[in-house]
Amino acid sequence: MKNDNDYQLLQQLKLGREVAFRAIFDKYWWGIFTAANELLKSDDLAKEVVDNLFGALWTERLSITDLRQFIFHKSNELIIAALHRIARERKGKGGKPSG
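Rules used throughout
- Residues numbered from 1 in each chain as written.
- Predicted model: local features only at pLDDT ≥ 70, side-chain atom pairs only at ≥ 80, totals over all residues.
- Heavy atoms only, no water.
- Core = buried A, V, L, I, M, F, W, Y, C linked by side-chain atoms within 4.5 Å.
- Buried < 20%, exposed > 50% of the residue type's maximum accessible area, 1.4 Å probe, protein only.
- Helix = DSSP H or I, 4+ residues; strand = E, 2+ residues; numbered from the N terminus.
- Contact = heavy atoms within 4.5 Å.
- Salt bridge = Lys/Arg side-chain N within 4 Å of Asp/Glu carboxyl O.
- Phe/Tyr/Trp six-rings, centres within 6.5 Å; stacked < 30°, edge-to-face > 60°.
- Lys NZ or Arg CZ within 6 Å of the ring centre and 35° of its normal.
- Axes fitted to C-alpha atoms, helices over the stretch in contact; angles between N-to-C directions.
- Left-handed = near helix turned anticlockwise from the far one by under 90°.
- Nonpolar A, V, L, I, M, F, W, Y, C, P; charged D, E, K, R; others polar.
- Parallel < 35°, antiparallel > 145°, perpendicular 65-115°, else oblique.

Peer 1: What is the right way to look at the nonpolar core in this model?
Peer 2: One recurring pattern in soluble globular proteins: nonpolar side chains tend to sit buried together. Formed by 26 residues in total, the largest nonpolar core has its most connected members in I24, I32, L40, F54, L57 and I71. For this core, the secondary-structure elements that each account for two or more residues are α1 (4–14), α2 (18–40), α3 (43–59) and α4 (67–92). A total of eight residues in this core trace back to one element, the largest contributor, which is α3. Residues in contact with I24, not counting those within four places in the same chain, are L9, L13, F54, L57, L67 and I71.

Structural data, given as C-alpha cells:
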C-alpha cells in the first residue's frame, strides 16, 4: 500500500515545489545517512551518498513513480558504487590500510 503522504509529496515535487523537496529531505535524510555510514564507515562518504541521492531525486523527479522505491534503490546503488570505489582505492594501494 502506498504512503499517501509520499504520493502527495511526489506530486508536489514533480511540480517543482521546493517545499516538497525539503519535506522529503527532512523525512528521509537521517535514515539514508545512517545506513550509508554504517556500511561505508565514513561520514564523508555517507554525506556524499545523501547529496547524490537528493540531487538525483530533483533531476529525475518527473520520471519517479514511487518515491520510497526510488529512494531505496538509488541509495543502494550509490552505496554499492562507493563500496566499489573504496575497494579499487585499496587495491591501488596494494590492499594495505593507510596510516
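Peer 1: Sorry, what's going on with the pattern of salt bridges here?
Peer 2: Note that side chains of opposite charge can pair when their charged atoms are close. This model, assessed by the stated rule, comprises five salt bridges. D6 is paired through a salt bridge with K27; the nearest N and O atoms lie 2.7 Å apart. Note that D6 is positioned in helix α1 and K27 in helix α2, a separation of 21 residues in sequence. Residue classification places K27 among the partly exposed residues on the basis of a relative accessible area of 36%.

Peer 1: Honestly, the packing of aromatic side chains in this entry has me stumped. Any pointers?
Peer 2: Each aromatic ring pair is characterised by the separation of its centres together with the angle its planes make. Applying the stated rule across the entire model yields seven aromatic pairs. Between W29 and W30 the ring centres are 5.4 Å apart and the planes differ by 80°, which places this aromatic pair in the edge-to-face class. By relative accessible area, which is 31% here, W29 ends up partly exposed. Grouping aromatic residues by their ring pairs yields a cluster made of F21, F25, W29, W30, F33, F54 and W58. Its end group placed over the ring of W58, R61 keeps NZ or CZ at 3.9 Å from the ring centre.

Peer 1: Got a minute to help me understand the packing of α2 against α3 in this structure?
Peer 2: Describing two packed helices takes the angle between their axes plus the distance from one axis to the other. Where α2 meets α3, the axes come as close as 8 Å, and the angle between the chain directions of the two elements is 145°. Viewed along their axes, α2 and α3 form a crossing whose handedness is right-handed. Counting all contacts with α2, which are made through E18, F21, I24, F25, Y28, W29, I32, F33, A36, N37 and L40, the residues of α3 involved are D43, L45, A46, K47, V49, V50, L53, F54, L57 and W58. The residue makeup of the contact of α2 with α3, split by class, is 17 nonpolar, one polar and three charged.

Peer 1: Where do I start with the packing of α3 against α4 in this structure?
Peer 2: Two numbers describe how α3 lies on α4: the axes approach to 9 Å, and their chain directions differ by 140°. Classified by the angle their axes make, α3 and α4 are oblique. Crossing hand, α3 versus α4: right-handed. Packed against α3, whose contacting residues are L45, E48, V49, N52, L53, A56 and L57, the element α4 presents L67, F70, I71, K74, S75, L78, I79, R85 and I86 at the interface. Partitioned by chemical class, the residues of the contact of α3 with α4 number eleven nonpolar, two polar and three charged.

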